[in-house]
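Tertiary structure, described
One letter stands for each residue in the lines below.
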Amino acid sequence: MNCPFCSETIIRDQQVYTKGCWRVFYNFKPVLKGHVLIVSKRHVELCKDLNADEQASLVGQIIDVQRMLTRAYGATGFCVVMQDGVSAGQSVNHLHVHIVPRVDGDMHKGEFYQSLLVDSTRRHPISAEEMQERVKELQVVVHM
Ligand SMILES: [Zn+2]
C-alpha cells in the first residue's frame, strides 16, 4: 500500500504523538504555524469507515490537540476541517482532520479556506529543520 500517512517516514519525521486510535502529525505544508493533522492509526479512507471506538474517540482527540495548540501557540480559536472524499478536496485517501490554531486577525476573511482548499498545491513545504523544531516544541507541551 502506497499511503503517505501509513509510511514509516512520516511517522518518524512528522508524528507529534499518538493516543488510542489516533496519530497526530505536523503538516509539512502548514496554512499557519501549528497546523496539525489527526490521522487514524488504521488505514481507513472515509468517515463512514471508522469503527465504533474510532467514532467515539474522535471528538476527544480533537479537544486534546486543541489543548496542546493553546499551550504551544496561545490559540484562541481553531479551524477543524475534514475533507471527507475526493469531491470534498481530500487529497490523501487516508482519513485525516486538519486542526489549525487561530488568533484574532491572523488572516483576512476567507483567506484560510482559500489557502487550505484552493492553494494547497502552491503552499510551500517547511524545511526538515523547521519540522523537527515544531514537532519537538509540541511534544514538550502535549502531556502538560
Ligand atoms: Zn494509510
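Read on for an overview of the structure. Note that this is a predicted model, so its numbers are computed, not measured.

1. Quick notes on the overall build of the protein
Within the protein, the secondary structure is distributed over four helices and five strands. Moving toward the C terminus, one meets the helices and strands of the protein in the order α-β-β-β-α-β-β-α-α. Its C-alpha atoms give the protein a radius of gyration of 14 Å, within 12% of the compact-globule value 15 Å for 144 residues. The proportion of buried residues among the 144 residues of the protein is 24%. Contacts in the protein between residues at least 24 apart in sequence constitute 68% of all its contacts with a sequence separation of at least 6.

2. A closer look at the sheet that holds strand β3 (residues 36-40)
Strands sit in the order β1-β2-β3-β5-β4 across an open sheet of five strands; the sheet is antiparallel. For this open sheet the edge positions go to β1 (15-19) and β4 (77-81), each flanked by a neighbour on one side alone. Sheet twist, expressed as the mean angle between neighbouring strand axes with direction ignored, is 20°. Lying over the sheet, helix α2 (residues 52-73) contacts β1, β2 (22-26), β3, β4 and β5 (96-102), oriented at roughly 30° with respect to β5. Against the sheet, helix α4 (residues 128-142) touches β1 and β2, its axis set at about 35° to β1.

The rules behind these values
- Residues numbered from 1 in each chain as written.
- Predicted model: local features only at pLDDT ≥ 70, side-chain atom pairs only at ≥ 80, totals over all residues.
- Helix = DSSP H or I, 4+ residues; strand = E, 2+ residues; numbered from the N terminus.
- Rg over C-alpha atoms; globule rule 2.2 N^0.38 Å.
- Buried ≥ 20, exposed ≤ 12 C-beta atoms within 10 Å, placed from the backbone.
- Contact = placed C-beta atoms within 7 Å.
- Pairing = 2+ DSSP bridges.
- Axes fitted to C-alpha atoms, helices over the stretch in contact; angles between N-to-C directions.

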